[in-house]
Amino acid sequence: MPKSRALSPDHARHIWLSAQRLDTAAPFGAGPEAVLPAITHLGYVQIDTINVIERCHHHILWSRMPDYARAHLAQAQSADKSIFEYWTHALSYVPVADLPFFLPAMKQYRQTPSRWFGSVTPLELRKMAKRLRDEGPLSIRDIGDDELVDKDHPWASRKPSKRVLEMMFFQGLVTIGTRQGMVKTYDLIGRHFGWDKAPKPATERQITAYLLDRALRSQGMVSLDSVCHLDAPRKKAVRELIESRVRRKLLVPVHIEGHDKAEHWAAPETLAHERVAPPGLTHILSPFDPLVIQRKRLKLFFGYEHLFEAYVPAAKRKLGYFALPVLVGDRIVAAVDLKADRAAGKLLIQNWTWLEDAGAEAKAAIDEALGRFERFQFGD
């Protein structure tokens, strides 16, 4: 294997910021047409239920699309049908073009149902499929004839129909056609997409290449952990593919100076030009942003360990319940714990933690970014 090439921390960080498109003001253009290119480039955008401020799927897109509106995502999902919801490392929006790479997982759920769905029976699945065929798309709120049951898990529902629909979702029998907040409307997958014939599932080899290429596109330089985030069983196949590409000179082994043991790889064209420091753009980032969600990678590249403390007792929190990293140029300079006061139409600063002396110019930029973020919270 070729010797690993050393990159300065600044160079490595700039590669990642460029791949994440956080070094350009409007990298995907404007309006609803920008949603699909953004999600395609990132590979997926995580969905989360926490609503202390705007939910993370909207927040992540807004960070890269300054004129983003919630209706833009709804159009892509429900009208254009260019994106769909499924599980990556978490529930996420994914380009419909990538659906073949998820079909084998759906088949596996049909063949070996998860114990999470408990006692859902084949008869219940058939009844729900018939109901959808007869009545059209349904949300849980549309189903009023459930006999409520006791929860067997804090995240479970008292409505048995919800568990049936969720099982059908993972099995690829239904898809989420529309979403209003966290209320999902389910439809038969073939009817939603208007298929005459379902797409052909990808092979395992194709899925491995897809995961590697997706990571290279959105991360610039990758590690096994970053490609296989929360998917350790795929590491062996991904490593074999990486080694094959290194032998063919399609990838180059790299490491960050001072961290020789942390293996990474990048495409030669990614390394062809020395990256310069990005312009002083300021981003108030979601803790679920692709730049932040992989905590070890964030610490390696930025020297900052983000703490997500929503589930930490109040007395033990350091940054706050829902702290947001503040990126100025190529530095994370602060973490701000925010809460939306929706009645007053204001953002409340619960806690502010400076990570370094940012200087007067950066502080002014952060104030301006917080003003934009507040307007985004309470806009249409």
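Everything here concerns the structure above.
Residues numbered from 1 in each chain as written. Predicted model: local features only at pLDDT ≥ 70, side-chain atom pairs only at ≥ 80, totals over all residues. Heavy atoms only, no water.

**Some remarks on the overall build of the protein**
Phase 1 of the analysis: Per the secondary structure count, the protein includes 14 helices and 14 strands.
Phase 2 of the analysis: Taken over the C-alpha trace, the protein has a radius of gyration of 22 Å; the compact-globule value for 380 residues is 21 Å, and the two agree within 12%.
Phase 3 of the analysis: Here the C-alpha coordinates of the protein stretch approximately 60 × 60 × 40 Å along the principal axes.
Phase 4 of the analysis: By residue count, 50% of the 380 residues in the protein fall in the buried class.
Phase 5 of the analysis: Within the protein, contacts between residues at least 6 apart in sequence are counted, and of these 61% link residues at least 24 apart.
Phase 6 of the analysis: When the accessible surface of the protein is split by element, carbon and sulfur atoms take 53% of a total near 18,800 Å².
Phase 7 of the analysis: A gap of 5 Å separates the mean positions of the 54 positive and 45 negative side-chain charges of the protein. (Helix = DSSP H or I, 4+ residues; strand = E, 2+ residues; numbered from the N terminus. Rg over C-alpha atoms; globule rule 2.2 N^0.38 Å. Buried < 20%, exposed > 50% of the residue type's maximum accessible area, 1.4 Å probe, protein only. Contact = heavy atoms within 4.5 Å. Areas by Shrake-Rupley, 256 points an atom, 1.4 Å probe, with all protein chains shown as cover. Lys, Arg positive; Asp, Glu negative; His and termini not counted. Charge placed at Lys NZ, Arg CZ, Asp CG, Glu CD.)

**Some words on helix α9 (residues 204-219)**
Phase 1 of the analysis: End to end, α9 covers 22 Å across 16 residues, agreeing with the expected 22 Å (1.5 Å per residue, within 8%).
Phase 2 of the analysis: Directly beyond the C-terminal end of α9, a positive phi value near 80° is found at G220. (Expected span 1.5 Å × (residues − 1).)

**Structural notes on the sheet that holds strand β13 (residues 331-341)**
Phase 1 of the analysis: What the four strands build is an open sheet, ordered β11-β12-β13-β14; its pairing is antiparallel. Two strands in the sheet have a free side with no partner beyond their single neighbour: β11 (282-284) and β14 (346-354). Here the strands of the sheet are splayed against their neighbours by 30° on average, with no regard to which way each runs.
Phase 2 of the analysis: Each of β11, β12 (323-328), β13 and β14 touches helix α14 (residues 360-378); the most contacted strand, β14, lies at about 145° to it. (Pairing = 2+ DSSP bridges. Axes fitted to C-alpha atoms, helices over the stretch in contact; angles between N-to-C directions.)

**Observations regarding helix α7 (residues 160-170)**
Phase 1 of the analysis: Within α7, nine of the eleven residues are buried, leaving the element largely enclosed by the surrounding structure.
Phase 2 of the analysis: When we look at burial in α7, the residues that qualify are S161, R163, V164, L165, E166, M167, M168, F169 and F170.
Phase 3 of the analysis: Phi for G172, located one or two positions after α7, is positive at around 75°.

**Points about the side chain of S218**
Phase 1 of the analysis: You can see S218 is positioned in helix α9.
Phase 2 of the analysis: Separated by 3.0 Å, the side chain of S218 and the backbone oxygen of R214 make a polar contact. (Polar contact = N/O pair within 3.5 Å; in protein donor to acceptor, adjacent residues only side chain to side chain.)

**Details of the sheet that holds strand β1 (residues 5-7)**
Within a beta sheet, neighbouring strands are joined by backbone hydrogen bonds and run either parallel or antiparallel to one another.
Phase 1 of the analysis: Strand order in the open sheet formed by four strands is β1-β9-β10-β8, and the pairing between neighbours is mixed. Looking at which strands have only one partner, the edges of the open sheet turn out to be β1 and β8 (221-222).
Phase 2 of the analysis: Relative to strand β10 (residues 259-266), strand β9 (residues 252-256) runs antiparallel, the two being bridged by four bridges. Among the inter-strand pairings, I256 is bridged to a residue of β10, identified as H259.
Phase 3 of the analysis: Relative to the sheet, helix α1 (residues 9-19) contacts β1, β8 and β9, its axis offset from that of β1 by approximately 85°.

**Quick look at the pattern of salt bridges**
Phase 1 of the analysis: Within this structure, the stated rule accounts for 18 salt bridges.
Phase 2 of the analysis: Across the pair R331 and E356 runs a salt bridge, and its minimum N-O distance is 2.4 Å. Within this pair, whereas R331 is found in strand β13, its partner E356 is found in the loop between β14 and α14, the two being separated by 25 residues in sequence.
Phase 3 of the analysis: Taken together, the shared-partner salt bridges connect D10, R13 and D330 into one network. (Salt bridge = Lys/Arg side-chain N within 4 Å of Asp/Glu carboxyl O.)

**Some thoughts on the side chain of D330**
Phase 1 of the analysis: With respect to the secondary-structure elements, D330 resides in the loop between β12 and β13.
Phase 2 of the analysis: Polar side-chain contacts of D330 include one of 2.7 Å to the side chain of H14.

**Looking at the packing of α1 against helix α13 (residues 295-302)**
Phase 1 of the analysis: For the pair α1 and α13, the least separation of the axes is 9 Å and the interaxial angle reads 130°. The angle between α1 and α13 places the two elements in the oblique class. Here A12, R13, W16 and L17 of α1 lie close against α13, whose contacting residues are R297, L298, F301 and F302.
Phase 2 of the analysis: When its residues are assigned to classes, the contact of α1 with α13 shows six nonpolar, no polar and two charged. (Parallel < 35°, antiparallel > 145°, perpendicular 65-115°, else oblique. Nonpolar A, V, L, I, M, F, W, Y, C, P; charged D, E, K, R; others polar.)

**Observations concerning the pairing of β13**
When a strand is regular, its side chains alternate between the sheet's two faces.
Phase 1 of the analysis: Across the eleven residues that make up β13, a large majority, eight, are buried.
Phase 2 of the analysis: Counting the residues between successive antiparallel strands, the hairpin from β12 to β13 contains two residues, one of them, G329, with a positive phi of roughly 65°.
Phase 3 of the analysis: Connecting the antiparallel pair β13 and β14 is a turn made up of four residues, with G345 showing a positive phi of about 70°.

**Some points on the packing of aromatic side chains**
Phase 1 of the analysis: What the rule picks out here adds up to 21 aromatic pairs.
Phase 2 of the analysis: Ring geometry for W62 against F376: centres 5.0 Å apart, planes inclined by 10°, an arrangement best described as stacked. Here W62 is found in helix α3 (residues 56-62), whereas its partner F376 is found in helix α14, with 314 residues between them in sequence.
Phase 3 of the analysis: Its relative accessible area of 8% is what places W62 among the buried residues.
Phase 4 of the analysis: Look at F288 and F308: their rings are 5.3 Å apart centre to centre, the planes differ by 65°, and that puts the pair in the edge-to-face class. Residue F288 is found in the loop between β11 and α13, and its partner F308 is found in the loop between α13 and β12; the two are separated by 20 residues along the sequence.
Phase 5 of the analysis: According to the relative accessible area criterion, F308 is partly exposed, its value standing at 22%. (Phe/Tyr/Trp six-rings, centres within 6.5 Å; stacked < 30°, edge-to-face > 60°.)

**As for the environment of I143**
Phase 1 of the analysis: Tracing the backbone shows I143 in the loop between β5 (138-139) and α7.
Phase 2 of the analysis: The class for I143 is buried, based on a relative accessible area of 1%.
Phase 3 of the analysis: The spatial distance from the C-alpha of I143 to the C-alpha of K162 is 9.2 Å, given a sequence separation of 19 residues.
Phase 4 of the analysis: Excluding residues that lie within four positions of it along the chain, I143 makes contacts with M128, R131, K159, S161 and L165.

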